Amino acid sequence: MSRQDVARVLGGLISEETLRADLALYHKLALDWGASAAAIIPASDVTIDERVRLKCIVPRCLRAGESPNCPPYAPELDLVRRALERFSWAILFKCDVEPLEMYAPGRGTTQAEKRRTLAFHEKSGEIVYKLERHAYKDGYYLAMGFGGGSCKDYLCQGLICQYLDSGRCRFPHRARPAMEAVGIDVIALLNKVEWNAYALLDDLSTIPCAVTVGIVFIS
Ligand code: SF4
């Protein structure tokens with residue numbers, strides 16, 4: 001077995017050169033797996049804002065309190081702030097939501113159609129899971145990803161949360177709090193990398209695009 005074939009040690013020393021190459025690989029993988037854009041960003045670009053968290057309950061999101069990953073159960077912001085400050089680099093990515101009309105709030109008459117409108121974070125959630133897993137395998141044992149929306153929608157299709165019901169999550173490795181649930185100001189981050197987001201309200205024909213966003217903190 002050549003040295004390159006040997007699995008990396010978890011938490012082993014990683015040179016600047018290897019880190020740079022890994023970040024470039026994760027950036028490429030995000031695009032290969034379906035992101036419409038990705039960026040390698042300093043983790044310090046991320047801001048945690050109490051107002052973002054409060055927006056989950058004022059006005060109340062229909063998922064607040066419905067899974068352990070949504071407020072009021074999602075991790076406390078002080079813990080999140082202190083933990084994320086210890087990362088240096090992250091991969092930020094976005095996926096386009098298409099066709100936009102299928103996912104607009106309030107859309108759909110049948111249960112299946114209504115569920116679909118809530119599942120638009122599915123693709124970004126899958127990329128978050130795969131990137132975090134890849135980075136972990138590469139030795140970044142503290143790599144941590146956050147997507148968007150509630151796992152009750154994009155994983156459990158609106159079924160009652162099995163974790164809150166019986167203590168056993170149906171998707172223990174995939175379910176995680178959304179960026180917004182842990183207070184990350186996603187819109188500020190998008191503006192920093194010059195990606196646009198719009199309010200999906202009223203006349204959809206005026207809206208150029210809709211996106212779902214994920215982030216994986218690497219090291
Ligand atoms: S059971 Fe479903 S809704 Fe509950 S935490 Fe797991 S993925 Fe989320």
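Scroll up to find the structure.
Residues numbered from 1 in each chain as written. Predicted model: local features only at pLDDT ≥ 70, side-chain atom pairs only at ≥ 80, totals over all residues. Heavy atoms only, no water.

### Observations concerning the nonpolar core
- Grouped together as the largest cluster of nonpolar side chains are 24 residues, with contacts concentrated most on Met 179, Ile 184, Ile 215 and Phe 217.
- Mapped onto this core, the elements with two or more residues apiece are β1 (37-42), α3 (77-84), β2 (89-96), α9 (186-192) and β4 (211-217).
- Here this core gets 4 residues from one element, more than from any other, and that element is β4.
- Apart from the residues within four sequence positions on either side, Met 179 is in contact with Leu 92, Phe 146, Gly 147, Ile 184, Val 186, Leu 189, Val 213, Gly 214 and Ile 215. (Core = buried A, V, L, I, M, F, W, Y, C linked by side-chain atoms within 4.5 Å. Buried < 20%, exposed > 50% of the residue type's maximum accessible area, 1.4 Å probe, protein only. Helix = DSSP H or I, 4+ residues; strand = E, 2+ residues; numbered from the N terminus. Contact = heavy atoms within 4.5 Å.)

### Brief notes about the site of the ligand
- For the ligand, the full set of nearby residues is Pro 68, Cys 151, Lys 152, Cys 156, Cys 161, Gln 162, Tyr 163, Cys 169, Arg 170, Phe 171 and Ala 175.
- Listing elements by their share of the shell around the ligand, those giving two or more residues are α7 (151-154) and α8 (162-166).
- For the shell around the ligand, the class distribution of residues is 8 nonpolar, 1 polar and 2 charged. (Near = heavy atom within 4 Å. Nonpolar A, V, L, I, M, F, W, Y, C, P; charged D, E, K, R; others polar.)

### A look at the pattern of salt bridges
- Inspection of the entire model under this criterion finds 11 salt bridges.
- Two residues, Lys 152 and Glu 66, come together in a salt bridge whose shortest N-O distance is 2.6 Å. Pair noted here: Lys 152 is in helix α7 and Glu 66 is in the loop between α2 (50-54) and α3, with a separation of 86 residues, a long-range link.
- Since its relative accessible area comes to 9%, Lys 152 is described here as buried.
- Using a relative accessible area of 28% as the deciding quantity, one classes Glu 66 as partly exposed.
- Note that Arg 176 is salt-bridged to Glu 132, the shortest N-O span being 2.5 Å. Here Glu 132 lies in helix α6 (residues 122-137) and Arg 176 lies in the loop between α8 and α9, a separation of 44 residues in the sequence. A single burial state applies to Arg 176 and to Glu 132, both of which are buried.
- Shared partners join several salt bridges into a network, and the residues in it are Arg 63, Glu 66, Lys 152 and Asp 153. (Salt bridge = Lys/Arg side-chain N within 4 Å of Asp/Glu carboxyl O.)

### A short note on the environment of Asp 96
- Note that Asp 96 resides in strand β2.
- By relative accessible area, Asp 96 is classed as partly exposed at 32%.
- For the pair Asp 96 and Leu 201, spaced 105 residues apart in sequence, the C-alpha to C-alpha distance is 17 Å.
- Contact partners of Asp 96, with chain neighbours within four places excluded, come to Ser 36, Ala 210 and Val 211.
- Engagement of the side chain of Asp 96 in a polar contact is seen with the side chain of Ser 36, the distance being 3.1 Å. (Polar contact = N/O pair within 3.5 Å; in protein donor to acceptor, adjacent residues only side chain to side chain.)

### Considering a nonpolar patch on the surface
- Among the surface-exposed residues, Leu 10, Tyr 136, Tyr 141 and Leu 142 lie close enough to one another that they form a single nonpolar patch of about 430 Å² accessible area.
- Within the secondary structure, Tyr 136 is located in helix α6. (Patch = residues over 30% accessible without salt bridge, like charges linked within 9 Å, V, L, I, M, F, W, Y side chains within 5 Å. Areas by Shrake-Rupley, 256 points an atom, 1.4 Å probe, with all protein chains shown as cover.)

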